[in-house]
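# Structural characterization, general
Given next are the chains, with one letter for each unit.
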Amino acid sequence: MPFVRLTLIPSQTAEVTKRLTTDLTALVAADLGKRYDLTSVLLETPDAAHWAIGGIAHDVAAHLEICVTAGTNSDAEKRAFVANAMRLLRQEMPTLATATYVVVTELPGTNWGYDGETQADRVIKAR
């Protein structure tokens with residue numbers, strides 16, 4: 001049950017937004033082996049955003065973070081996800097700066113969950 005937050009400027013068309021959320025969900029399933037139907041994607045485009053890299057303003061910028069349960073993915077899977085996610089972002093926004101970050105945040109199973117149960121409790125129940 002990963003949670004993906006993509007923050008970008010400027011706002012994109014509805015078509016690009018749909019494509020990004022659908023493609024990111026598919027990428028999470030393919031590269032990280034997560035369930036497509038439980039992957040949540042939040043795409044944010046702040047109205048009043050100022051994005052600077054190295055003190056220089058950028059009109060096109062993105063930050064992608066995914067939260068997964070610690071220990072559920074190998075380093076190779078995370079590497080593939082980071083590379084493929086960056087490629088996906090550049091397909092839609094070719095002028096993204098090199099300093100565009102894709103972050104895989106690993107959380108202990110006791111620190112997060114969904115539908116009122118932690119991931120750790122879900123593992124125990126599944127045994």
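Conventions we followed
Residues numbered from 1 in each chain as written. Predicted model: local features only at pLDDT ≥ 70, side-chain atom pairs only at ≥ 80, totals over all residues. Heavy atoms only, no water. Helix = DSSP H or I, 4+ residues; strand = E, 2+ residues; numbered from the N terminus. Buried < 20%, exposed > 50% of the residue type's maximum accessible area, 1.4 Å probe, protein only. Contact = heavy atoms within 4.5 Å. Expected span 1.5 Å × (residues − 1). Arc of directions from axis to C-beta. Core = buried A, V, L, I, M, F, W, Y, C linked by side-chain atoms within 4.5 Å. Polar contact = N/O pair within 3.5 Å; in protein donor to acceptor, adjacent residues only side chain to side chain. Axes fitted to C-alpha atoms, helices over the stretch in contact; angles between N-to-C directions. Parallel < 35°, antiparallel > 145°, perpendicular 65-115°, else oblique. Left-handed = near helix turned anticlockwise from the far one by under 90°. Nonpolar A, V, L, I, M, F, W, Y, C, P; charged D, E, K, R; others polar. Pairing = 2+ DSSP bridges. Right-handed = clockwise from strand over helix to strand, strands pointing away.

Turning our attention to the side chain of Gln119. Along the chain, the position of Gln119 falls in helix H3 (residues 119-126). Given a relative accessible area of 12%, Gln119 falls into the buried group. Those residues in contact with Gln119 that sit more than four places away from it in its chain are Met1, Thr69, Gly109, Trp112, Gly113 and Tyr114.

Moving on to helix H1 (residues 14-32). Note: α-helices contain 3.6 residues per turn, so residues at a spacing of three or four share the same orientation. Compared with an ideal rise of 1.5 Å per residue, which puts 19 residues at 27 Å, H1 spans 26 Å between its outermost C-alpha atoms and is within 8% of the ideal. Along H1, the residues that are buried comprise Val16, Leu20, Leu24, Thr25, Leu27, Val28, Asp31 and Leu32. Here the buried residues of H1 occupy an arc of 160 degrees about the axis, which is enough to place them on one side. Of the residues in H1, the exposed ones pointing more than 90 degrees away from the buried face are Ala14, Glu15, Lys18 and Ala30. Positive phi shows up at Gly33, right after H1, with a value of about 65 degrees.

The next point concerns the nonpolar core. Core analysis: the largest hydrophobic core is formed by 22 residues, its most contacted members being Leu6, Leu20, Leu64, Phe81 and Leu89. For this core, the elements supplying multiple residues, two or more each, are strand E1 (3-9), H1, strand E5 (61-69) and helix H2 (75-92). A per-element tally of this core places H1 first, with six residues. In this structure Leu89 touches Leu6, Leu20, Ala62, Leu64, Leu96 and Val102, once residues within four positions along its chain are discounted.

The next subject is the environment of Thr25. Mapping Thr25 onto the fold places it in helix H1. Distance in space between the C-alpha atoms of Thr25 and Ser40 is 7.7 Å, their sequence separation being 15 residues. The contacts of Thr25, once residues within four sequence positions are left out, are Tyr36, Thr39 and Val41. Here Thr21 takes part through its backbone oxygen, which lies 2.8 Å from a polar atom of the side chain of Thr25.

Turning to the packing of H1 against H2, a few remarks are in order. Contact geometry of H1 with H2 gives a least axis separation of 10 Å together with a crossing angle of 165 degrees. Between H1 and H2, the angle falls in the class roughly antiparallel. For the pair H1 and H2, the crossing hand works out as right-handed. Here H1 contributes Val16, Arg19, Leu20, Asp23, Leu24, Leu27, Val28, Asp31 and Leu32 to the contact with H2, which in turn contributes Glu77, Lys78, Ala80, Phe81, Asn84, Ala85, Leu88, Leu89 and Glu92. When its residues are assigned to classes, the contact of H1 with H2 shows 11 nonpolar, one polar and six charged.

So, about the pairing of strand E2 (residues 40-44). The pairing of E1 with E2 spans five bridges and is parallel. Following the sheet pairing, Arg5 is matched in E2 by Leu42. For the segment spanning E1, H1 and E2, crossover handedness is right-handed.

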